[in-house]
Amino acid sequence: MFLGFKITVNCLVCVCRYLLCEVCMSERSMLRLLEEKDIFQAVKTAVTTAHGQYGLALFNIGSAVRYVNAYTGVVMLRFRKAHYQLLWSALPFITSIWKQGQRVPCFFNCIHVGGTIRTCQKFLIRYSRQQLFRMLPHCKTEGKVISSIIILRIIQIALTNHL
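An account of the accompanying structure is given in this report. Just so it is clear, the model here is predicted, and its values are computed rather than measured. Residue numbers run consecutively from 1 along every chain, following the written order of its sequence. In view of the model being predicted, local features appear only for residues whose pLDDT reaches at least 70, and side-chain atom pairs are presented and counted only at 80 or more, with totals across whole chains, interfaces and linings using the full set of residues. Side-chain calculation: all heavy atoms of the structure are included, whereas hydrogens and water are not.

## Considering the overall build of the protein chain
Here comes step 1: Think of it this way: any DSSP run of H or I at least four residues long counts as a helix, any run of E at least two long counts as a strand, and we number them from the N terminus. Looking only at helices and strands, the protein chain features four helices and seven strands.
Here comes step 2: Its helices and strands in sequence order give the protein chain the pattern β-β-β-α-β-β-α-β-β-α-α, from N to C terminus.
Here comes step 3: In the protein chain, buried positions account for 41% of the 163 residues.
Here comes step 4: Residue contacts follow a heavy-atom distance rule, with two residues in contact if any of their heavy atoms lie within 4.5 Å. Within the protein chain, contacts between residues at least 6 apart in sequence are counted, and of these 67% link residues at least 24 apart. Each residue is assigned to one of three classes by its accessible area relative to the maximum for its type, calculated with a 1.4 Å probe on protein chains only: buried under 20%, partly exposed between the two thresholds, exposed over 50%.

Shown next, in the form of structure tokens:
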């Protein structure tokens, strides 16, 4: 391992960590406005606020927003393994996301840190299932129960196709 890179026989591989975060907003309807570029800019601003130019330089090396689900508010961020903890520590400084000239108040809740996209995908399927099973006892009608089960299946299919 040399400066966050793993040296193999034929190529140089970047070793990364993936942070699976939930974007929590007071208005759930605002989640549909989420886009990768807005989340990227919000994280970049938070890193600059928390760690200054040093943090910004680390952020600009290999950081990316890999997945955004505008319906569930789940976001996957990629950082280099060598400094993901420093960048992770800046997430509490995100208090809003700017969208279409307006400030949307929110905060990020980190639910999982994984070494590969596949491990994050597996965790997200388990997490979604747990959330739905928590909500099922509160469903009053049979239609809501069926729609919750359908939503779970759609999430599983979308994750296996997208990631």
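## A word on the nonpolar core
Here comes step 1: Working definition of a nonpolar core: buried Ala, Val, Leu, Ile, Met, Phe, Trp, Tyr and Cys residues. They are joined through side-chain atoms within 4.5 Å. By size, the foremost hydrophobic cluster in this structure holds 27 residues, and its most contacted members are Val-23, Ile-39, Val-43, Leu-77 and Phe-108.
Here comes step 2: Elements with a contribution of two residues or more to this core: strand S3 (16–25), helix H1 (36–60), strand S5 (74–80), helix H2 (84–88) and strand S7 (102–114).
Here comes step 3: The greatest single-element share of this core, amounting to seven residues, is contributed by H1.
Here comes step 4: Core analysis: the next-biggest nonpolar cluster, separate from the first, contains twelve residues, Cys-16, Tyr-67, Ile-111 and Cys-120 among them.

## Examining H1
Along an α-helix, a turn takes 3.6 residues, which lines up residues three or four apart on a common side.
Here comes step 1: The length a helix should cover is 1.5 Å for every residue beyond the first. Between the first and last C-alpha of H1 there are merely 15 Å, a value that for 25 residues lags more than 12% behind the 36 Å anticipated at 1.5 Å per step.
Here comes step 2: When the local axis directions of H1 are compared, the greatest deviation, roughly 135°, occurs at His-51.
Here comes step 3: Residues of H1 that are buried: Asp-38, Ile-39, Ala-42, Val-43, Ala-46, Val-47, Gly-55, Leu-56, Leu-58 and Phe-59.
Here comes step 4: Looking at the buried side of H1, the elements it contacts are strand S4 (64–69), S5, H2, strand S6 (96–99) and S7.
Here comes step 5: Immediately downstream of H1, the backbone of Gly-62 shows phi near 80°, a positive value. To obtain the bend at a residue, axes are fitted to the seven residues ending there and to the seven starting there, and the angle between these axes is taken.

## Here we look at the pairing of S6
Here comes step 1: Sheet analysis places S6 next to S7, joined by four bridges and oriented antiparallel. Across the sheet, Trp-98 pairs through a bridge with Arg-103, a residue of S7.
Here comes step 2: The hairpin turn running from S6 into S7, its antiparallel successor, is two residues long, and Gln-100 in that turn takes a positive phi close to 55°. Here a strand pair is declared whenever DSSP counts at least two bridges between the two strands.

## Here we look at helix H3 (residues 117–135)
Here comes step 1: Over its 19 residues, H3 extends 27 Å from the first C-alpha to the last, a length consistent with the 27 Å expected when each residue adds 1.5 Å.
Here comes step 2: Ile-117, Cys-120, Gln-121, Phe-123, Leu-124, Ile-125, Tyr-127, Ser-128 and Leu-132 are the residues of H3 that are buried.

## Considerations on the pairing of S5
Here comes step 1: The element S5 is extensively covered by neighbouring structure, given that six of its seven residues are classed as buried.
Here comes step 2: Sheet topology places S3 next to S5; seven bridges connect them, and they run antiparallel. Counted as the bridge partner of Glu-22 is Val-74 from S5.
Here comes step 3: Sheet topology note: the S4/S5 ladder contains five bridges and is antiparallel. When the sheet's bridge partners are listed, Asn-69 is paired in S5 with Val-74.
Here comes step 4: What sits between the antiparallel neighbours S4 and S5 is a turn of four residues, in which Gly-73 has the positive phi angle 80°.

## So, the state of the cysteines
Two cysteines joined by a covalent bond between their sulfur atoms form a disulfide.
Here comes step 1: What counts as a disulfide here is a pair of cysteine sulfur atoms lying within 2.5 Å. For the structure on display, the rule yields zero disulfides.
Here comes step 2: Unpaired in terms of disulfides, Cys-21 finds its nearest cysteine sulfur in Cys-110, a separation of 4.3 Å.
Here comes step 3: With no disulfide of its own, Cys-24 lies 8.6 Å from the sulfur of Cys-106, the closest cysteine sulfur.

Interpretation in functional terms is not warranted from these geometric data alone.
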